[in-house]
Every structure is written in structure tokens, then in C-alpha cells.
Amino acid sequence: MAAAITLAAETPTLSAANTGFMLICSALVMLMTPGLAFFYGGMVRVKSTLNMLLMSFISLGIVTVLWVLYGFSMAFGTDSGGVIGWNSDWIGLTGIGLTELWDGYTIPVLVFLVFQLMFAVLTPALISGALADRVKFTAWALFITLWTTLVYFPVAHWVWGAGGWAFELGVIDFAGGTAVHINAGAAALGVILVIGKRIGFKKDPMRPHSLPLVMLGAALLWFGWFGFNAGSWLGNDDGVGALMFVNTQVATAAAVLGWLAYEKIRHGAFTTLGAASGAVSGLVAITPAGGAVSPLGAIAVGAVAGVLCAMAVGLKYRFGYDDSLDVVGVHLVGGVIGSLLVGLLASGKGQSDVRGLFYGGGLDQFWKQCAGVFGVLAYSLVVSAVLALLLDRTIGMRVSEDDEVAGIDRAEHAETAYDFSGAGGGAARNAAQAPLAPAENKKVDA
């Protein structure tokens, strides 16, 4: 994201076109969080559907309030040591005029901050997929609060804030390969190493209960991702946003084909879950790279991500970490792939004149990308694990074994995703409508 790059030497004036474009992009990015909820919600067993939906939706509430109170200031305020920002005039969003422009751009500060807010909302929601079926909702809400404050806000400053160490180093991350996807994927790995595996992991079938919901969620993510990526140039004046839009579509299509081809060769079938997961892997990988590579480069990014992420999702069975919905395999691995490929495939004809190794630029940009990737990965992994350990040792991160087996929806939310009480008649209907006794409730395992 080009958050602090001045596009022109002259003093910019407010552009109604760019402002309207960015408000639309902000709404598209907001839609990604409900899309993610459906994507994850369809992938879990029926007894965890509502919990999975709400783990995404609660991020809209918590992170929005934190962003207004101090998050925007921490991420994009005046730099301190390349590590964190701060601007007391932005606390509670005070001191921001209605037509005050974001420095060097033609959009108001309020528009920039609401666009960035939607990124902040989405990122912790991504983590939730790794923790399906077993985390207390209260602990999850507290984790979001602490993680966003101690990890996301600082990392966003590193990558996109003027003065952030990765920004100043020249790490290219157009829309969030490091700050969003590697950050969330590493956090997911850190947490699951602390809280452990689901009951029945590698023994019981844990198949998606609704593949149509998965496909719906993937479609909403794909749609919203155009705002996520193309909007990250913060305007539509020089064609870079259009390049990013095209590359988003191209890479995602290539990733679907790559994942399905691997799946057919490895497992003998083309699956809808594979197509949906392949699409997300391509979206993740092109996110940091799409402003720097050509459309042919985007095909390469997507195809590589589709195949390697399809391979990576099986690593949890080899190494024994229970990444429920493959956040590590898709978001962490896809983010690393896309970020590092910038150092190889940057054409010098997109967001900047930086060229990658395959375009005669040597390895200079590749090493910068490595610094950004592994700096964010290490920080997020360690801090996230520490936060999970702290919560686990105090309030407890996991639900009880009985509640996990019976279903986290009933235990944490006193609801179920599907009500079949009206499907029968007579005595069957009356029995279906009767509330479950506590002992019966513990035996339900959909």
C-alpha cells in the first residue's frame, strides 16, 4: 500500500471521483469479513457454524472501536523509532477536519482511515479459522483486543506508515501480504501451538458441513478483494489501481487452476473446496505483488501459490499442529509466496521502477522482501503465542471437553445454526421442539 508516497509535487486538492471510489472500496473490504464468516462457517461441522460466523463478526465491533480510540494513531501517526506511530490529535478521531486531505493525496483523512479500518477488522478475523471448534468466545474477544493493539497496529505502521522500518527499507507490500496475511497466519500458528488440537484430530471425520456456504463465502471474498487490492493505491489517476484490479483477477484464476490440477493429480478429483481454497490462495499471494508485476507475472504468482498452498495444507498432518481451516497453509504460505516473488517478478513498470531478479534487478529487492516477511512472521508468531498462553493460564482459552464434543454453538451461544423442529409432525414434532436436557445436550455431536 502506498500510504505515504506523494504522487505529485503540486499541492493536491480534494477529488470527488477518488473520494467516491475509495468509499466504495472501503465498503467492498468491509464485505470481506462477512464473506470470510460464510467461508469459514461452511467449512466447519454443523455444531460449530454459528460460533465460526460470530468469531468473524465480533471483529467488526471490537476493532472498529479500538481503531477510533487509538488504533489509527498507532498505525499511521508520527513515527517513533520506526516501530510505532502516535498522533494525539487523532485519539477518538478528534482534530480531523471534514475536508482535511491525507498527506499527498486527493482523498480526505476520514476516507483513508475508514479504508484502513476495514483491513484492521479483517486481519484478526482471518486467525479464527485456525481455532475452530474449541475456543471460548470471551477468550477470543479478549485475544482480538490484545492482538490488534500489540501486533496489528504496530505491524501496519512498520509496513505502511511513514517512518516504519519496513516502509523505509523499501519492502513492497501493495495491500497486505505481510501486514495482513503473514501476520494473521503466523498468529494462527502461534495460538494453535499453545491451545492444542481438537478432540478427534486425525481420527474423526471433520468435513465441511456446507460446501455451498464455502463457495458463497469465497465468491464474496473474491468480489470484495477488488476493493482490498485496487483501492490500496488510494486513487485512480495513473492506472496502477487498474493494473492491480486486472492482476487480482488473473492471479486468482491461475491459482484455482493450479490448486485443482494438483488436487486431481494427487487425490484423483476436482473438488469445490479445492476451487474455493485455490481462489483464496491466489488472492492472498497477489495482494503484496499485484502492483509490481505484469499480468503474465500475476499468472505465475497465482499458479505457484495454488500448487504450493495445496501442498502446504497437508503439513498439519505431518507435523501435528491442528490448523482447523488451513489459515497457516493458505494465508501464511500464500503471503510468503506473494511477498517473495516480488523480488523475482517485479517488472519496474507498475507502482515503481523497482525490478526483480528476472527483470534484471538483481537480488536487492528480494532480500528486502525477505526482511519484511520474516520480521513480521517472527514478531507475530512469538507475541501471539505469548498472548494465547497468558489468556490460557488466566481465564482459559478452550471450552471444556464436554462442550467441545457436544457442540460449541450450544455451549457458547445457546443456539444452533439449523432448526429442524418443524420438519416432522405429531409426536415427532413435539419431541423435536422440546428443549434438550443438560445430559442430552452433552451427547449431541452433529
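Residues numbered from 1 in each chain as written. Predicted model: local features only at pLDDT ≥ 70, side-chain atom pairs only at ≥ 80, totals over all residues. Heavy atoms only, no water.

Once that is clear, we can look at the overall build of the protein chain. When helices and strands are tallied, the protein chain shows 17 helices and 2 strands. On C-alpha atoms alone, the protein chain measures out to a radius of gyration of 22 Å, which is about the 22 Å that the 2.2 N^0.38 rule sets for 446 residues. The principal-axis extent of the C-alpha atoms belonging to the protein chain is close to 75 × 55 × 40 Å. With 446 residues in all, the protein chain has 56% of them scored as buried. By element, 66% of the accessible surface of the protein chain is carried by carbon and sulfur atoms, the whole surface being about 17200 Å². Across the protein chain, 22 positive and 28 negative side-chain charges occur, with their mean positions spaced 14 Å apart. (Helix = DSSP H or I, 4+ residues; strand = E, 2+ residues; numbered from the N terminus. Rg over C-alpha atoms; globule rule 2.2 N^0.38 Å. Buried < 20%, exposed > 50% of the residue type's maximum accessible area, 1.4 Å probe, protein only. Areas by Shrake-Rupley, 256 points an atom, 1.4 Å probe, with all protein chains shown as cover. Lys, Arg positive; Asp, Glu negative; His and termini not counted. Charge placed at Lys NZ, Arg CZ, Asp CG, Glu CD.)

Our focus in this paragraph is the environment of Met-74. By secondary structure assignment, the location of Met-74 is in helix α2 (residues 49-76). Taking relative accessible area as the criterion, Met-74 reaches 13% and is therefore assigned buried. Sequence-wise, Met-74 and Phe-153 are 79 residues apart; in three dimensions their C-alpha atoms are separated by 5.9 Å. Those residues in contact with Met-74 that sit more than four places away from it in its chain are Ile-84, Gly-85, Trp-86, Thr-149, Phe-153, Pro-154 and His-157. (Contact = heavy atoms within 4.5 Å.)

In this section: the side chain of Ser-128. Mapped onto the secondary structure, Ser-128 falls in the loop between α3 (109-127) and α4 (137-160). A distance of 2.6 Å separates the side chain of Ser-128 from the backbone oxygen of Ala-125, its partner in a polar contact. The contact partners of Ser-128, leaving out residues within four places of it in the chain, are Tyr-40, Met-52, Met-55, Ser-56 and Trp-140. (Polar contact = N/O pair within 3.5 Å; in protein donor to acceptor, adjacent residues only side chain to side chain.)

Here we take up the confidence of the model for the protein chain. Residue-level pLDDT values for the protein chain average 93, and 92% of them are 70 or greater. Contacts from residues 3-8, a stretch scored under 50 in pLDDT, to residues over four places away or in other chains number 15 contacts. (pLDDT = per-residue confidence, 0-100.)

This part takes up the environment of Phe-358. For Phe-358, the position within the fold is in the loop between α12 (327-345) and α13 (364-394). Along the backbone, Phe-358 and Gly-129 are 229 residues apart, and their C-alpha atoms lie at a distance of 36 Å. The contacts of Phe-358, once residues within four sequence positions are left out, are Leu-344 and Leu-345.

This part covers the packing of α4 against helix α6 (residues 177-195). Interaxial distance between α4 and α6 falls to 10 Å at its minimum, and their mutual angle equals 145 degrees. Along this stretch, α4 crosses α6, giving a crossing that reads as right-handed. Two secondary-structure elements touch here, α4 through Phe-143, Trp-147, Val-151, Tyr-152, Val-155, Val-159 and Trp-160 and α6 through Thr-178, Ala-179, Val-180, Asn-183, Ala-187 and Val-191. Among the residues making up the contact of α4 with α6, the classes are represented as 11 nonpolar, 2 polar and no charged. (Axes fitted to C-alpha atoms, helices over the stretch in contact; angles between N-to-C directions. Left-handed = near helix turned anticlockwise from the far one by under 90°. Nonpolar A, V, L, I, M, F, W, Y, C, P; charged D, E, K, R; others polar.)

Let us look at α3. Taking 1.5 Å of rise per residue, the 19 residues of α3 would be expected to cover 27 Å, and the 29 Å separating its terminal C-alpha atoms lies within 8% of that figure. Most of α3 is tucked away, with 17 of its 19 residues classed as buried. (Expected span 1.5 Å × (residues − 1).)

What follows covers the pattern of salt bridges. Here the structure, examined in full by the defined rule, presents 6 salt bridges. In this structure, the salt-bridge partner of Asp-133 is Arg-198, at a minimum N-O distance of 3.4 Å. Taken together, the residues span a long stretch of sequence, with Asp-133 in the loop between α3 and α4 and Arg-198 in the loop between α6 and α7 (211-230) at a distance of 65 residues. Residue classification places Arg-198 among the buried residues on the basis of a relative accessible area of 8%. As a salt-bridge pair, Asp-322 and Arg-198 come within 2.8 Å of each other at their nearest N and O atoms. One end of the pair, Asp-322, is in the loop between α11 (315-319) and α12; the other, Arg-198, is in the loop between α6 and α7, and 124 residues separate them in sequence. When its relative accessible area of 1% is taken as the criterion, Asp-322 is described as buried. (Salt bridge = Lys/Arg side-chain N within 4 Å of Asp/Glu carboxyl O.)

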